[in-house]
Amino acid sequence: MAGGKIQKKRHGAAGGAGGGTGRLQGGIPFEKSKGQHILRNPALVDSIVAKAGLKPTDTVLEIGPGTGNLTKRLLEAGVKAVVAVELDPRMVLELNRRFQGNPLSSRLKVIQGDVLKCDLPYFDICVANIPYQISSPLTFKLLSHRPIFRCAVIMFQREFAMRLVAQPGDSLYCRLSVNVQLLSRVSHLLKVGRNNFRPPPKVDSSVVRIEPRKPLPPVSFKEWDGLVRICFNRKNKTLGSLFKQKRVLELLEKNYKTMQSLQLTQDAEMGEKMSADDVALLANMVEDLSMETGDEKEDDEMEMDADMAGDGAASFKEKIMDILQQGDFAEKRGSKLSQVDFLYLLSLFNKAGIHFS
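Residues numbered from 1 in each chain as written. Predicted model: local features only at pLDDT ≥ 70, side-chain atom pairs only at ≥ 80, totals over all residues. Heavy atoms only, no water.

Visitor: Lay out the side chain of Gln339 in plain terms, naming residues and giving numbers.
Guide: You can see Gln339 is positioned in helix H13 (residues 339-351). By relative accessible area, Gln339 is classed as buried at 17%. Here Val178 takes part through its backbone oxygen, which lies 3.0 Å from a polar atom of the side chain of Gln339. Beyond its immediate stretch of four places on either side in the chain, Gln339 contacts Ser177, Val178, Gln181, Leu182 and Trp224. (Helix = DSSP H or I, 4+ residues; strand = E, 2+ residues; numbered from the N terminus. Buried < 20%, exposed > 50% of the residue type's maximum accessible area, 1.4 Å probe, protein only. Polar contact = N/O pair within 3.5 Å; in protein donor to acceptor, adjacent residues only side chain to side chain. Contact = heavy atoms within 4.5 Å.)

Rendered as structure tokens:
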């Protein structure tokens, strides 16, 4: 079940796909605040199921099944099982009523609860039409799930979906794009107009396919996101300008001194790998990842010049600028850097003993 514009306030998952008039059987109204907009075009439901590439051995996770129209198509596709997570008890009741006495019910398990708070069971594929206000936290919760699933086919608000697939240089390319694409391959499958829903939401939608990378990249995600966060603070400023900011230099110098005092070897740090727990940290830091562009923030950060800094600070600033020059990054902008560029830049900093976590 899809729903309006992304809000910072988090709501639980409640959704569904299929026909309807805005009310359940029995006259129970759908709640727009929970993203309860019913997909009324059965051809789109069939298309979503077809693009999931389901196998008879698959266990499918469906988030926000609503009245069960997508659920029914998934079960009819002959999968091993469908596990549906639904927050709204009214929808759970309706779902159970719909499949009561149906032979398909033996392969359906309904979990009532908030998908962001409950432990997800094993699944091979996730197919979902979600409330859009949970897009960011749900995406990263799925990417941190273990064991790694094969793919997720999810309907998002169109602008959010376009950020997921944006490439370096695109206007929508942002920290969300970089982080999701580090962890997965993302592709846009189809656009869904708002008039395909009842009641129509205020935005268009898109269906996206997310395939987690196996294995995960050999990098600490805490380090990675620390670097990317700085580069996208103002994504169209040069990295040379961003890394001259007093706040950034003070943070990196503090990390540098801490690492030196702990006498952690470079080899040990470079051997750190990304783990599920590492990725799961995003569950608590996605509020600013959903619809950012990277240029909204009007900070007044001052650049640290020689008159402001002591000998030690000036020396550290020179060290940072030397690293940027070494990789020819000083005049480049975060909005134009690829995954390979960010990985290379992070390796240059780490080799010099500079860390971001």
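Moving on from the model shown.
Visitor: So what's going on with helix H4 (residues 135-143)? Residues and values would help.
Guide: Taking burial as the measure, the nine residues of H4 include nine buried ones, the bulk of the element. Listed in full, the buried residues belonging to H4 are Ser135, Ser136, Pro137, Leu138, Thr139, Phe140, Lys141, Leu142 and Leu143.

Visitor: Hey, could you go over the UniProt feature "binding site: S-adenosyl-L-methionine" (unreviewed entry) in the chain for me, with residue numbers and the actual values?
Guide: UniProt records the feature "binding site: S-adenosyl-L-methionine" (unreviewed entry) for His37, Leu39, Gly64, Glu86, Asp114 and Asn129 in the present numbering. Here Glu86 lies in strand S3 (residues 81-86). A polar contact is formed between the side chain of Glu86 and the backbone nitrogen of Asp88, at a distance of 2.9 Å. Here Asn129 is to be found in strand S5 (residues 125-129). (UniProt positions renumbered as here; feature names shortened; annotations may be inferred.)

Visitor: Talk me through the packing of aromatic side chains; I want residue IDs and the actual numbers.
Guide: Counted by the stated rule, this structure contains 10 aromatic pairs. Their ring planes at 65° and their centres at 5.8 Å tell us that Tyr173 and Phe232 sit as a pair that is edge-to-face. Taken together, the residues span a long stretch of sequence, with Tyr173 in the loop between helix H5 (158-165) and helix H6 (175-183) and Phe232 in the loop between helix H7 (221-231) and helix H8 (239-242) at a distance of 59 residues. In this pair, the class of Tyr173 matches that of Phe232, namely buried. Ring plane angle 85° and centroid distance 5.1 Å describe the contact between Phe349 and Phe356, whose orientation is recorded as edge-to-face. Three or more aromatic residues link up through ring pairs in this structure, and these residues are Tyr173, Trp224, Phe232 and Phe342. (Phe/Tyr/Trp six-rings, centres within 6.5 Å; stacked < 30°, edge-to-face > 60°.)

Visitor: Can you break down the packing of H6 against H7 residue by residue, with the values?
Guide: In the contact formed by H6 and H7, the axes pass within 10 Å of each other and the chain directions differ by 155°. As the angle between them shows, H6 and H7 are arranged roughly antiparallel. The hand of the H6/H7 crossing is right-handed. Of the residues in H7, those in contact with Arg175, Val178, Asn179, Leu182 and Leu183 of H6 are Phe221, Trp224, Asp225, Val228 and Arg229. Partitioning the contact of H6 with H7 into residue classes produces six nonpolar, one polar and three charged. (Axes fitted to C-alpha atoms, helices over the stretch in contact; angles between N-to-C directions. Parallel < 35°, antiparallel > 145°, perpendicular 65-115°, else oblique. Left-handed = near helix turned anticlockwise from the far one by under 90°. Nonpolar A, V, L, I, M, F, W, Y, C, P; charged D, E, K, R; others polar.)

Visitor: Tell me about the packing of H6 against H13, and name the residues and values.
Guide: Each pair of packed helices gets described by two things: the angle between the helix axes and the distance between those axes. Packing of H6 against H13 leaves a shortest axis separation of 10 Å and a crossing angle of 90°. Looking at the two axes, H6 sits roughly perpendicular to H13. Here H6 contributes Ser177, Val178, Gln181 and Leu182 to the contact with H13, which in turn contributes Gln339, Phe342 and Leu343. When grouped by side-chain class, the residues that make up the contact of H6 with H13 number four nonpolar, three polar and no charged.

Visitor: Tell me about the pairing of strand S9 (residues 205-212), residues and numbers included.
Guide: In terms of burial, S9 is a largely internal element, seven of the eight residues being buried. Relative to S9, strand S6 (residues 151-157) runs antiparallel, the two sharing six bridges. In the sheet register, Val153 faces S9, and the bridge partner there is Arg209. Direction of pairing for strand S7 (residues 184-192) relative to S9: antiparallel, over a ladder of eight bridges. Following the sheet pairing, Val192 is matched in S9 by Ser205. (Pairing = 2+ DSSP bridges.)

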